[in-house]
Amino acid sequence: MSAEDKMKLITRRLDEVIGDDRIMAVVKERPLKIYWGTATTGKPHVAYFVPMSKIADFLKAGCEVTILLADLHAYLDNMKAPWELIKFRTQYYEAVIKAMLRAIGVSLDKLHFVQGTSYQLGEKFTEDVYKLSSMVTEHDAKKAGAEVVKQIDAPFQSGLLYPGLQALDEEYLGVDAQFGGVDQRKIFTYAEKYLPKLGYQKRSHMMNPMVPGLTGGKMSSSEADSKIDLLDSSEDVERKLSGASCDPSTPDNGVMAFVNYVVCPILEGQGKNLDLGNGQTLSSFDHLKTEFVAGNIAGDVIKTFVTKFLNSLLDHIRKEFSSPELQELTKKAYPPPSEMPSAVPPPSETTPSDNLTLQGLSIDDRCQLISQNLAACPPPSLSKVLSHTAHVLWTVPVTGKPDATLLGHVAKVRDFLKAGCKITILVQDVLSHLDGCQFPLDVASHRANFCIELLKATFTAYNIPLEHITIIKGSDFQKKEDYILDLYRLTALVTCKDSSDAVSNVVKDPNLLSALIYPDMFALDEKHTKVNIHYCGSRHAQLSAFAEKVLPLVGGQPRVHLAGAEMPSLLNRAALNPEEEFIELIEQDAQIKKKIKAAFCEEGNISFNPVLSLVKVIIMPLLGDEKFKMCRSPENGGDIEFKSFEDLENTFEQKNVHPGDLKNTVMEYLKRLITPVRKAAESGPLKKLQNQAFPPPPKKGKSAPKPAAGSDEFVPSKFDMRVGKIVEISRHPDAESLYVEKIDIGEAEPRTIVSGLVKFVPIEEMQDRMVVVLANLKPAAMRGVKSAGMVLCASVSEPAAVEPLQPAPGSKPGDRVMAEGYEGDPDPVLNTKKSDALTKMLSGFKVNSSLTATWNSNVLSTSSGPVTVATLKDAPIK
């Protein structure tokens, strides 16, 4: 069979093919690898013969076909199948699909069955799920699954994960193309958009039309009379089909569709015509349809023919399933409702039974010790927990540089140890990545490693023993099978609204899909670290309430939650740089002085006073029994000591302490408390970890003197390249290939820019897209619309492809993009009087093999990181 003949067989009767050129290229070289997935929920019915007939075409064309028994997808789709039944239903689906294919005469030699959970619970797949969820918005995920996932008033999180899992299946099954119904088109385009962003190749997609059920509407596994089951008796098949509509006025009814998409392909493969059994024989479906519409063939004749043909197929399946083994499997997979297991597992955790006594400390004493310096009073349940072994979880994010607030939490850890508690410190690398995707997952791991060693150094500096302290990273267990299975189970039980409400004040971008699973993981961390107390910042109060509510859904028990005090911003205004708002844990003395001097500290103001907060949150807890001493000159009242923060606060409110004296004292204490930690961090091993976690900006290499702005010699600093956000886009009224965009580049008004991207980027992907704009071109009219800049893109000619450059996550409109080592001022307006001037200027700009934009191998970046593209390697930038 020639490649062209194979292609015709592969694509016949399909409604749509995306990427047929890629399919043809593969078919010319080797067998095409295709996968079709089915969620193992209700019993397969006769409508499954439609995809089976198409799979028969694929196999006849020499394709290698994988059937994915999507057990995990089945659970995520509104929890149609309880976990306890999935194993049996997966076995049932494999047996019945094999029986169907044998019934239509298909060889199974090149057919493979794969169970979704055989790889979807693996660490690599899970890591990709985390990465993908931090790229995709809730809106995009909901849109992708709209035609496939059951839509309800209060949707569960699982329905939004479903499209991403299906997209990743293409990579992990190693296929060239995915086959499905046209109702999955949005999931397929979702996969084409996001797989390249993970570094995976784009796959092709083949779509069957949506075929109506034999009895009229869509066949539903949940409505017995709407479907014909594969194990229905011949009498039931005849009864159900007798009531089906087959009227010439609606020639595309379910009965005729079954003839077109099931009967005809099978007969064609056998070299037979349509023999209706009443003396009429037709050469093709089109012939049948013409005669049917003309009134030459009655609908009842066609129904009788379909009934006989269908029963002949089902006889093969009935015979196979008459075996005791398959009958038993059917009962286990689909028990009666009264024997259906619950979707919610029974509690699986037990409270430690060992009693704990500490020399000289009663439970009340320990409660008092634990309660001090908290942001809120602990719940009454704390006493009960302390009657047994108390195990505290303290979660530490790594979204930014470690700040001095950690010293206050270290003081709290000391209290926990004195109260006889075991401590697990969870450094959240995965969750910090999921918090708005502010940095890659591998960077999160480096930050976690640095944070762990810095915490150890801090404990050592303050003589806090590590004997009862365990420090772990989230990635140590958050990619394990038992954890991810619990996570998927929870997403199928928790609504998007409940999750969104819990996390709205915690994460940077609550619109991302990752924000929705953040609360689930916060709760599951408590279960999988086997703690009974969770200590975290006061801003996590809603997350704590969420955890108490949802943990019983996965067999867990609510924990005691303790809220630690947190620092406000040092400023009462917007910061020019985020680092102005806090003091780093390893801050240099000069910077401490500078930041304290700039900190807001209004005389007598105790409602918002970050300098007072430094005393309350960090200094006094760490001092312990030592008094807070303020040194003042005699004319200012002399030295003064405070036993408690309340005494200091009252004195300050009465204006008996001047802000300047408070600042000077706080500054000296912070220097004293931070110095031992900073010195430890300056050691070789910690310094190396710090540089991996927070790489210093690249040093400017020695180079030839840069030409001045406006000179003829080109250097990349002449370009005024700015990060832009497309806030409005439309098609050019007079040019089909052009977009007219309004792009915010940090100026008072968005710029109008015309781009020739219509053939390469769909308009919906352009809206709200972050791009790189060459902003100092002289405005020029393009087919009647004046364009004030150019959207920079990577571009290749064979095959033609164009991708806009992508600024690093965290970049803002107006941020300048510069080549490494070339930080000069841009030309006010580029000199492009010569026709080839701009082309020559752009000649050194290209994307390298790592998908990073460069100029003569110097990386283009903003202050947030390098500029990249999605898929085009070694491509020129135009």
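Residues numbered from 1 in each chain as written. Predicted model: local features only at pLDDT ≥ 70, side-chain atom pairs only at ≥ 80, totals over all residues. Heavy atoms only, no water.

All right, on to the overall build of the protein then. Secondary structure assignment for the protein yields 30 helices and 29 strands. For the C-alpha atoms alone, the extent of the protein along its principal axes is close to 120 × 85 × 45 Å. Burial status across the protein gives 53% buried among its 878 residues. Look at the contacts in the protein between residues 6 or more apart in sequence, and 75% of them connect residues 24 or more apart. Taken as a whole, the protein presents about 39000 Å² of accessible surface, with 50% of it coming from carbon and sulfur. (Helix = DSSP H or I, 4+ residues; strand = E, 2+ residues; numbered from the N terminus. Buried < 20%, exposed > 50% of the residue type's maximum accessible area, 1.4 Å probe, protein only. Contact = heavy atoms within 4.5 Å. Areas by Shrake-Rupley, 256 points an atom, 1.4 Å probe, with all protein chains shown as cover.)

Right, let's talk about unusual backbone geometry for a bit. Positive phi values are uncommon outside glycine, yet Arg13 reaches one of about 60 degrees. The residue Arg13 is located in the loop between helix H1 (3–11) and strand S1 (16–18) in this model. Its identity as a non-glycine residue notwithstanding, Asn463 has a phi of 55 degrees, on the positive side. For Asn463, the position within the fold is in the loop between helix H19 (441–461) and strand S11 (469–473). Asn463 sits in the exposed class, given a relative accessible area of 69%.

Below, the discussion takes up the packing of aromatic side chains. Taken as a whole and judged by the stated rule, the model has 18 aromatic pairs. Among the aromatic residues, those joined into a ring-pair cluster are Phe719, Tyr822, Phe845 and Trp855. Here the basic side chain of Lys412 rests over the ring of Phe416, its NZ or CZ set 5.7 Å away from the ring centre. The positively charged end of Lys595 is found above the aromatic ring belonging to Phe582, 5.5 Å away from the centroid. (Phe/Tyr/Trp six-rings, centres within 6.5 Å; stacked < 30°, edge-to-face > 60°. Lys NZ or Arg CZ within 6 Å of the ring centre and 35° of its normal.)

Attention now moves to helix H12 (residues 285–293). Taken as a whole, H12 has its buried residues at Phe285, Leu288 and Phe292. Buried positions in H12, seen along its axis, are confined to an arc of 60 degrees and lie on one side of it. Of the residues in H12, the exposed ones pointing more than 90 degrees away from the buried face are Asp286 and Thr290. In the segment just after H12, Gly295 is the residue with positive phi, at about 90 degrees. (Arc of directions from axis to C-beta.)

Tracing the backbone shows Pro51 in helix H3 (residues 49–60). With sequence-adjacent residues up to four places away left out, Pro51 is seen in contact with Trp36, Phe179 and Asn208.

We now examine the sheet that holds strand S10 (residues 422–428). Spatial strand order, S11-S10-S9-S12-S13: five strands in an open sheet with parallel pairing. A single partner strand is all that each edge strand has here, and the edge strands are S11 and strand S13 (560–564). Across the sheet, the mean angle from the axis of one strand to that of its neighbour is 25 degrees, orientation sign disregarded. With seven bridges joining them, strand S9 (residues 391–397) and S10 adopt parallel strand pairing. Looking across to S10, one finds that Val396 is bridged to Val427. Where helix H22 (residues 513–528) meets the sheet, its contacts fall on S9, S10, strand S12 (533–537) and S13, and the angle it forms with S12 comes to roughly 145 degrees. (Pairing = 2+ DSSP bridges. Axes fitted to C-alpha atoms, helices over the stretch in contact; angles between N-to-C directions.)

All right, on to the sheet that holds strand S4 (residues 111–115) then. A sheet is described by the order of its strands in space; here six strands give the open sequence S1-S6-S5-S2-S3-S4, paired in mixed fashion. The sheet terminates laterally at S1 and S4, the two strands that pair on one side only. Adjacent strand axes in the sheet meet at a mean angle of 25 degrees when their direction is disregarded. Relative to the sheet, helix H2 (residues 20–27) contacts S1 and strand S6 (204–208), its axis offset from that of S1 by approximately 75 degrees.

This paragraph deals with the environment of Lys131. Along the chain, Lys131 turns up in helix H6 (residues 123–133). Taking the C-alpha atoms as reference, Lys131 lies 7.7 Å from Leu434; in sequence the two are 303 residues apart. Here Lys131 is in contact with Leu198, His433 and Leu441, once residues within four sequence places are set aside.

To continue, consider the pairing of S9. By the criterion of burial, S9 is predominantly enclosed, with six of the seven residues buried. In this fold, S9 hands off to helix H17 (residues 405–418), which returns the chain to S10; that crossover is right-handed. With three bridges joining them, S9 and S12 adopt parallel strand pairing. By the bridge assignment for S12, Val392 is matched with Ile533. (Right-handed = clockwise from strand over helix to strand, strands pointing away.)

On to the pattern of salt bridges. Counted under the stated rule, the structure contains 40 salt bridges. Ionic pairing is found between Glu127 and Lys479, a salt bridge with its closest N-O pair at 2.8 Å. Of this pair, Glu127 sits in helix H6 while Lys479 sits in the loop between S11 and helix H20 (481–491), and the two are 352 residues apart along the sequence. With a relative accessible area of 12%, Lys479 lands in the buried category. With a shortest N-O distance of 4.0 Å, Glu641 and Lys627 are connected by a salt bridge. Of this pair, Glu641 sits in strand S15 (residues 640–642) while Lys627 sits in the loop between helix H25 (610–623) and strand S14 (628–630), and the two are 14 residues apart along the sequence. A single network of salt bridges, built from pairs that share partners, joins Arg12, Arg13, Lys54, Asp57 and Glu268. (Salt bridge = Lys/Arg side-chain N within 4 Å of Asp/Glu carboxyl O.)

Here we take up the pairing of S13. A large share of S13 lies buried, amounting to four of its five residues. In this view, the connection linking S12 to its parallel neighbour S13 by way of helix H23 (residues 541–550) has right-handed handedness.

Mean pLDDT for the protein: 89, with 94% of residues reaching 70 or above. Every residue in residues 353–357 is under pLDDT 50, and counting partners more than four places away or in other chains gives ten contacts. (pLDDT = per-residue confidence, 0-100.)

What follows is about the packing of H6 against H20. Where H6 meets H20, the closest approach of the two axes is 11 Å, and the angle between their N-to-C directions is 45 degrees. Here H6 lies oblique to H20, going by the angle between them. For the element pair H6 and H20, the recorded crossing hand is left-handed. Facing Phe125, Thr126, Val129 and Tyr130 of H6, the residues of H20 in contact are Tyr483, Ile484, Leu487 and Tyr488. Among the residues making up the contact of H6 with H20, the classes are represented as seven nonpolar, one polar and no charged. (Parallel < 35°, antiparallel > 145°, perpendicular 65-115°, else oblique. Left-handed = near helix turned anticlockwise from the far one by under 90°. Nonpolar A, V, L, I, M, F, W, Y, C, P; charged D, E, K, R; others polar.)

This part takes up H6. Within H6, eight of the eleven residues are buried, leaving the element largely enclosed by the surrounding structure. Where H6 is concerned, the buried positions are Phe125, Thr126, Glu127, Asp128, Val129, Tyr130, Leu132 and Ser133. Tucked into the core, H6 has its buried residues touching helix H8 (158–172), helix H9 (185–194), helix H18 (429–434), H19, H20 and H22.

Next up on the list: the side chain of Thr852. Looking at where Thr852 falls in the secondary structure, it is placed in the loop between strand S26 (845–847) and strand S27 (853–855). Those residues in contact with Thr852 that lie beyond four places of it in its chain are Lys846, Val847, Val859, Pro866, Val867 and Thr868.

Let us now look at the environment of Ile10. Relative to the helices and strands, Ile10 resides in helix H1. On the basis of relative accessibility, which here comes to 0%, the residue Ile10 falls in the buried class. For the pair Ile10 and Ala61, spaced 51 residues apart in sequence, the C-alpha separation works out to 6.6 Å. Not counting residues up to four positions away in its chain, the partners in contact with Ile10 are Val27, Leu32, Lys54, Phe58, Ala61, Cys63 and Met206.

Another point: the side chain of Asn605. Mapped onto the secondary structure, Asn605 falls in the loop between helix H24 (589–598) and H25. Side chain to side chain, Asn605 and Glu602 meet in a polar contact 2.9 Å long. A polar contact of 2.9 Å, which involves the side chain of Asn605, links it to the side chain of Ser607. If sequence neighbours within four positions are ignored, Asn605 has contacts with Phe600, Leu612 and Phe652. (Polar contact = N/O pair within 3.5 Å; in protein donor to acceptor, adjacent residues only side chain to side chain.)

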